[in-house]
Every structure is written in structure tokens, then in C-alpha cells.
Amino acid sequence: MTLTIDGVYKQFGKFPALTSVSLEARDGEFLSLLGPSGSGKTTLLRVLAGLDKPDHGCVYLDGVDFLALSARERRVGLVFQQYALFRHMTVAKNIAFGLEVRPRRSRPSAAAIKQRVEELLALTQIEGLGGRYPAQLSGGQRQRVAVARALAVEPQLLLLDEPFGALDAKVRKELRDELRLIHDATGVTTILVTHDQEEAMALADRVVLMNQGRIEQIGTPAELDTAPATPFVFTFLGEVNRLPCEVHAAVARFEGFAAPVITPADPVDGRGEALFRPDDTRLDAGPHAEGLPVRILEIRGRGSVRQIECQALSGHRLTAEVAEAPAAQFEVGQRVRLTARRVVLSAPGGAKPTPTPTPVAAPPLAQIAS
């Protein structure tokens, strides 16, 4: 089922939490809403769940006006960070709750409910725990119960609000991998809210990166990584180095080297600030090496990659990620040359200025009602 969000606006007091948000979630897609605190991602999820009503805009699910339906009528599965399980009910009863409270005419038989619970216990890998109570479970097990309960009602849409935030790193990664398998097995359209870049990029078919109530970019994880639409997208998705540069004909020029500008697509010539990732940074200790002269301050890390922190004569500190074998040629205090493979510009002189958005006032209630 295709979910279409068109021009959704939501304001709390004088604060616009969502400003003309439009996107489409395809049938069976796993979509991540990613962004910093206050970006509007949870507000958008609450609008979809029926917990908040937008001031303006439309939401359709396969052509049906979603906003005209009550939260119960929307058949949405919800999973929260804090599980929200009923402590006085067993695991099986928690999972079955949404089915057992249905009106009699649409309620499955007791046998059908029991079978559905057993299927979900197996799907979420908590077989044999149906008779336990939430207090007898680990955090990871409780979140599995929450996911099973959300799926029990066979939702049209599965919404997850920071579901792994209360778990430790190891359990969080295990559940993250399992959630993708569960999604693939059920095929239900899923929307995940998270501020964790790694989580969003690992799970989602597409990522919706939000900032200050607006969508900065929608794309696959690979698209956001290789073709960031704005400097914000680039900086939010990973560590960056910053270095002044001169821009000419979409090429950033530094002392001793030059690099192509990938964002914006048509930069203005002049001075600017270049952003580039440590894994796009190259160090060379050869006698004929070209690049920016730097001195190595620190070498850290283990495994297949080393992080080498350097300092330029200007005082700028820069980090390069180097594979273990090549990193063996470098040592602290050594003077080497640094180059970058590609850069993003983030300064008024090196990029076309972005027009300041005109504040959008919430429409009158009478207009919304009509």
C-alpha cells in the first residue's frame, strides 16, 4: 500500500514542527526518518499514528484519506522506545491484546488468536516465553514482544519510534538485524524514526533526512553518501574535515592539490570552506608527494583501519583513515602530504546562497475544516 504525505504542516505555539513535508512510502518499503532532535521526525510519525492532527496538509494510504480515520481505524502498528507493555499480562496476552479487544464481529476465534501469537513468538525469536511476564524479560526480549504485539493486528503500516534507544550496543545491533529480517518476512510498509545514522543507513531502503521541520534529502543510503544534496546532509552523516579553499570551475584548490566539488553542483567561484571525509583523505610520505604539508599528531585505532590525526601549518587539524598495512609507514611527528578525493562546500563564498525560507503561517482553522 502506497503512503502519500502531501504538504503536511504542524505548529506548536510559535514553533513550526513540520513545514510543508511531502514524501511517498512505497508498498512494502522500509523508510527511515532520520535527523537531529527537533527536526520533526517524531511529530510526523505521531501524525501518521493519529496521535497528532496536522494544521494543514493531506495523508493518503492507497487513495484513502488517512487523516479522516480514527487511530483505531488506521490499522497502524506502533512500537516505542520504552516498550509500553502491560506489566500484569503475560507475553502471550500482550501480543494478543490488539486482537482480543476488537469488536466481537471482527474478533478472531480464540484458536486463531493463539495460533497468531505462536507464529509471532517464532518470528521474533522468543518461542517459549509466552507464559512469562515483562518483568521476567531482558530489554531486548521486551522489545521483541513490542514488535510482535504491533504485528499481531496485521497492520497496514508499522511505525517505530526510536525502538532501540534504551538498549545496549550489542543488543541494539542484534535487534536491528532481526528487524530487517522480520520486515522482509512480513512485507509490511515500515517507517522508523531514529537519530542514529548507522541504524538508518543499515536498515532502510530509503532514508528521509530531516532538519528543522523540513526534508533535506530523500534517497537510498548509497545516494545520500555519494551525492549529498546539502552540506547539512554531508556533515550529519559522518565525520568531516574542514579546510579553507579557493573555488574555480567546480574545483576546490588548496595548497598543493585540488579536488572536485560534489555539492553544490554549480558552486560560485571564490573563497569557501571545503568539507571532506577522513576516508576520502589520502596521506603520502613519498619524496615527490604532492599535497598540503601536515605533521602527524596521533595514530589510533585497531583492526583494518587506522585514524591518523594531522595538523597543517595553518593550525587546522585533519583526520585521515588509512588501511592497516599502508598506515605502518607513518609515525607520530612525521611530516607528510595530505590530499582529498572529493569535497563539499560550506561557506557563502564557495556556494550559491540558499534563499531564506519565508515563514509559513498555519492556515485558519475554518480553512482546515473546509
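Reading guide: rules and limits
- Residues numbered from 1 in each chain as written.
- Predicted model: local features only at pLDDT ≥ 70, side-chain atom pairs only at ≥ 80, totals over all residues.
- Heavy atoms only, no water.
- Pairing = 2+ DSSP bridges.
- Helix = DSSP H or I, 4+ residues; strand = E, 2+ residues; numbered from the N terminus.
- Axes fitted to C-alpha atoms, helices over the stretch in contact; angles between N-to-C directions.
- 1 Å grid on protein atoms, 1.4 Å probe; cavity = no way out; pocket = protein on both sides within 12 Å on 5 of 7 lines; lining within 4 Å.
- Points joined across faces, edges and corners; volume = space filled by probe spheres on them.
- Nonpolar A, V, L, I, M, F, W, Y, C, P; charged D, E, K, R; others polar.
- Contact = heavy atoms within 4.5 Å.
- Buried < 20%, exposed > 50% of the residue type's maximum accessible area, 1.4 Å probe, protein only.
- Parallel < 35°, antiparallel > 145°, perpendicular 65-115°, else oblique.
- Left-handed = near helix turned anticlockwise from the far one by under 90°.
- Patch = residues over 30% accessible without salt bridge, like charges linked within 9 Å, V, L, I, M, F, W, Y side chains within 5 Å.
- Areas by Shrake-Rupley, 256 points an atom, 1.4 Å probe, with all protein chains shown as cover.
- Salt bridge = Lys/Arg side-chain N within 4 Å of Asp/Glu carboxyl O.
- Lys, Arg positive; Asp, Glu negative; His and termini not counted.
- Charge placed at Lys NZ, Arg CZ, Asp CG, Glu CD.
- Right-handed = clockwise from strand over helix to strand, strands pointing away.

Caption draft 1: Here's a closer look at the sheet that holds strand 12 (residues 251–254). What the five strands build is a closed barrel, ordered 11-12-13-20-14; its pairing is mixed. Adjacent strand axes in the sheet meet at a mean angle of 50° when their direction is disregarded. Summarising the sheet, strand 11 (residues 241–248) and strand 12 pair through three bridges and their orientation is antiparallel. Its bridge partner being in strand 12, Val-247 is matched across the sheet by Ala-252.

Caption draft 2: Highlighting the layout of surface pockets. Taken as a whole, the largest pocket encloses approximately 710 Å³ of empty space. Along the wall of the largest pocket there are 21 residues; nearest its centre are Ala-71, Arg-72, Val-76, Gly-98 and Val-153. Those elements giving two or more residues to the lining of the largest pocket turn out to be strand 6 (76–80), helix 2 (91–100) and helix 4 (139–152). When residues of the lining of the largest pocket are assigned to their parent elements, the largest contribution, four residues, is made by strand 6. A class-by-class count of the residues in the lining of the largest pocket yields 13 nonpolar, three polar and five charged.

Caption draft 3: Focus on the environment of Glu-154. Considering the arrangement of structural elements, one finds Glu-154 in the loop between helix 4 and strand 7 (157–161). Sequence separation between Glu-154 and Val-207 is 53 residues, and the spatial gap between their C-alpha atoms is 24 Å. Among all residues touching Glu-154, those that are not within four sequence positions of it are Arg-75 and Arg-116.

Caption draft 4: Main features of helix 2. Among the residues of helix 2, those classed as buried are Val-91, Asn-94, Ile-95, Ala-96 and Leu-99. Structurally, helix 2 contributes buried residues whose contacts are with helix 3 (110–123) and helix 4.

Caption draft 5: Molecular detail of the sheet that holds strand 2 (residues 15–25). Across the sheet, four strands lie side by side as 2-1-4-5; this open sheet has antiparallel pairing. Whereas interior strands pair on both sides, the edge strands pair on one side only; in this sheet they are strand 2 and strand 5 (64–65). Here strand 1 (residues 3–12) pairs with strand 2 via seven bridges, running antiparallel. Bridging across to strand 2, Lys-10 finds its partner in Leu-18.

Caption draft 6: Molecular detail of the packing of helix 4 against helix 5 (residues 169–186). It is at 11 Å that the axes of helix 4 and helix 5 come closest, and there the two elements cross at 20°. Classed by the angle they form, the pair helix 4 and helix 5 counts as roughly parallel. Crossing of helix 4 against helix 5: the hand is right-handed. Residues Gly-140, Gln-143, Arg-144, Val-147 and Leu-151 of helix 4 lie in contact with helix 5, whose contacting residues are Val-171, Leu-175, Glu-178, Ile-182 and Thr-186. Split by residue class, the contact of helix 4 with helix 5 holds five nonpolar, three polar and two charged.

Caption draft 7: A look at a negative patch on the surface. Taken together, the side chains of Asp-225, Glu-239, Asp-279 and Glu-321 define an acidic patch exposed on the protein surface. With respect to the secondary-structure elements, Glu-321 resides in strand 18 (residues 317–323).

Caption draft 8: Representation of empty space enclosed by the protein within the structure. One pass over the full model with this rule turns up one cavity of 30 Å³ or more. Roughly 70 Å³ of internal volume is contained in the largest cavity. Sorting the residues of the lining of the largest cavity by element identifies helix 4 and helix 5 as the ones contributing at least two each. With four residues, helix 5 is the largest single contributor of residues to the lining of the largest cavity.

Caption draft 9: Just the pairing of strand 7, in detail. Most of strand 7 sits out of view: five of its five residues are buried. Here strand 7 shows a buried face lined by Leu-157, Leu-159 and Asp-161 and a second buried face lined by Leu-158 and Leu-160. The pairing of strand 6 with strand 7 spans five bridges and is parallel. Residue pairing for strand 7: Val-79 is matched across the bridge by Leu-160. Following the backbone out of strand 7, through helix 5 and into the adjacent parallel strand 8 (residues 189–194), one traces a crossover that is right-handed.

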